[in-house]
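Chain residues, written in single-letter form:
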Amino acid sequence: MSLPYILDDYDLEGFLKLAAGFGTDRFGYVVTPNVDHLIRFHDEPVFRALYADAAYVLMDSRFLSIIFRVLKATRVRVCTGSDLTAQLFARVIGRDDRVVLIGGDDFQARSLEIRYGLQQLRHFNPPMGFIRDPREVEKCITFIENCSPFRFCFLAVGAPQQEVIAQKLKSRGVARGMALCIGAAINFLTGVERRAPAWMQSMGLEWLFRLAQNPGRLAKRYLVRGPRVFLLLPDTEVSVRPSAITHRSTTTAAGGTPTSESL
């Protein structure tokens, strides 16, 4: 049975405009799928539910985009979480905007404050493996809710932890603002990790650069687990929603009535 894999057709500039106008009167979360996420999507029903609840599903992987174009005859624009995060800080977030960062260390949070002159950055770094401890999960979610309304909440604790937190925020209906599941984007932005040269990014080879930088941590992911994606493609029904009609129900009003908006 083919699984429907639904993506939103935004490039970086298009989604920046949407994010800039999202506001703080509602909640929605953004996921950024790559090859590993597609494998999880097939293997884990819980992971599929996390994606189904997302307000936006943005193609993070140029490599996967090329595969879809060549093998599935489906074109989808790319909006990587790393590029999106960098441009939100550089062009959208103002000095007085409330921004929440989950993950990263104190040095990274302070670096962002200084570099962008942020006056309302709120930072919380949950411990390793926190997602398996209900008390730590509750602590993280409560921290975010206490910072609400925020303009943006950057969830930088890796998949599927960040998507789990985002979905719980949505289901509880307290937080307001846009949450983004961004993986290692803060590491790139603060210089903890180096991104691939632009030419490698454009060719879909960023994974190869990351593998060369950290083979011990990434070899299994890219060389053993990653190739499974080609076996899963026949059972993947790729569907691309035009950007003009992609916004779905993201929160509930005070009385519990679902609300939605088309952008």
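Structural data are supplied above this passage.
Because the structure is predicted, anything quoted here is derived from the model rather than measured.

A. Here's a closer look at the pairing of strand S7 (residues 177–181). Burial analysis of S7 places five of its five residues in the buried class, the great majority of the element. Bridge count between strand S2 (residues 27–31) and S7: four bridges; the pairing is parallel. Bridging across to S7, valine 30 finds its partner in leucine 180. Two elements, strand S6 (residues 152–155) and S7, share four bridges in a ladder whose sense is parallel. Pairing of cysteine 153 across the sheet is with alanine 179, part of S7.

B. Region of interest: the packing of aromatic side chains. Applying the stated criterion to the full structure yields 13 aromatic pairs. Taking the centre distance of 6.3 Å and the plane angle of 65° together, the rings of phenylalanine 41 and tyrosine 51 count as edge-to-face. With phenylalanine 41 in helix H2 (residues 35–43) and tyrosine 51 in helix H3 (residues 45–52), this residue pair connects regions lying 10 residues apart in the sequence. Here a set of aromatic residues connected by ring pairs shows up, and it is made of Tyr5, Phe41, Phe47, Tyr51 and Phe68. Over the face of the ring belonging to phenylalanine 22 we find arginine 26, whose NZ or CZ atom lies 4.0 Å from the ring centre. Sitting over the face of the ring of phenylalanine 188, arginine 195 holds its NZ or CZ atom 5.8 Å from the ring centroid.

C. The arrangement of the sheet that holds strand S3 (residues 56–57) in detail. Across the sheet, six strands lie side by side as S3-S2-S7-S6-S4-S5; this open sheet has parallel pairing. At either end of the open sheet lies a strand with only one pairing partner, and these are S3 and strand S5 (120–124). Across the face of the sheet, helix H6 (residues 106–116) comes into contact with strand S4 (98–102) and S5 while running at roughly 170° to S5.

D. The arrangement of the pattern of salt bridges in detail. Overall, the coordinates contain 20 salt bridges when judged by the stated rule. A salt bridge links glutamate 44 to arginine 40, with the nearest nitrogen and oxygen atoms 3.3 Å apart. The closest approach of N and O atoms between lysine 170 and aspartate 53, which form a salt bridge, is 3.9 Å. Pair noted here: lysine 170 is in helix H8 (residues 161–172) and aspartate 53 is in the loop between H3 and S3, with a separation of 117 residues, a long-range link. According to the relative accessible area criterion, aspartate 53 is partly exposed, its value standing at 29%. Each of Asp36, Arg40, Glu44 and Arg225 takes part in one network of salt bridges that share partners.

E. Looking closely at the packing of H2 against H3. Between H2 and H3, the least distance of the axes is 6 Å, while the angle of their chain directions is 115°. Crossing of H2 against H3: the hand is left-handed. Where H2 abuts H3, its residues His37, Arg40, Phe41, His42 and Asp43 lie against Pro45, Phe47, Arg48 and Tyr51. Of the residues contributing to the contact of H2 with H3, the split by class is four nonpolar, two polar and three charged.

Thresholds applied
Residues numbered from 1 in each chain as written. Predicted model: local features only at pLDDT ≥ 70, side-chain atom pairs only at ≥ 80, totals over all residues. Heavy atoms only, no water. Buried < 20%, exposed > 50% of the residue type's maximum accessible area, 1.4 Å probe, protein only. Helix = DSSP H or I, 4+ residues; strand = E, 2+ residues; numbered from the N terminus. Pairing = 2+ DSSP bridges. Phe/Tyr/Trp six-rings, centres within 6.5 Å; stacked < 30°, edge-to-face > 60°. Lys NZ or Arg CZ within 6 Å of the ring centre and 35° of its normal. Contact = heavy atoms within 4.5 Å. Axes fitted to C-alpha atoms, helices over the stretch in contact; angles between N-to-C directions. Salt bridge = Lys/Arg side-chain N within 4 Å of Asp/Glu carboxyl O. Left-handed = near helix turned anticlockwise from the far one by under 90°. Nonpolar A, V, L, I, M, F, W, Y, C, P; charged D, E, K, R; others polar.

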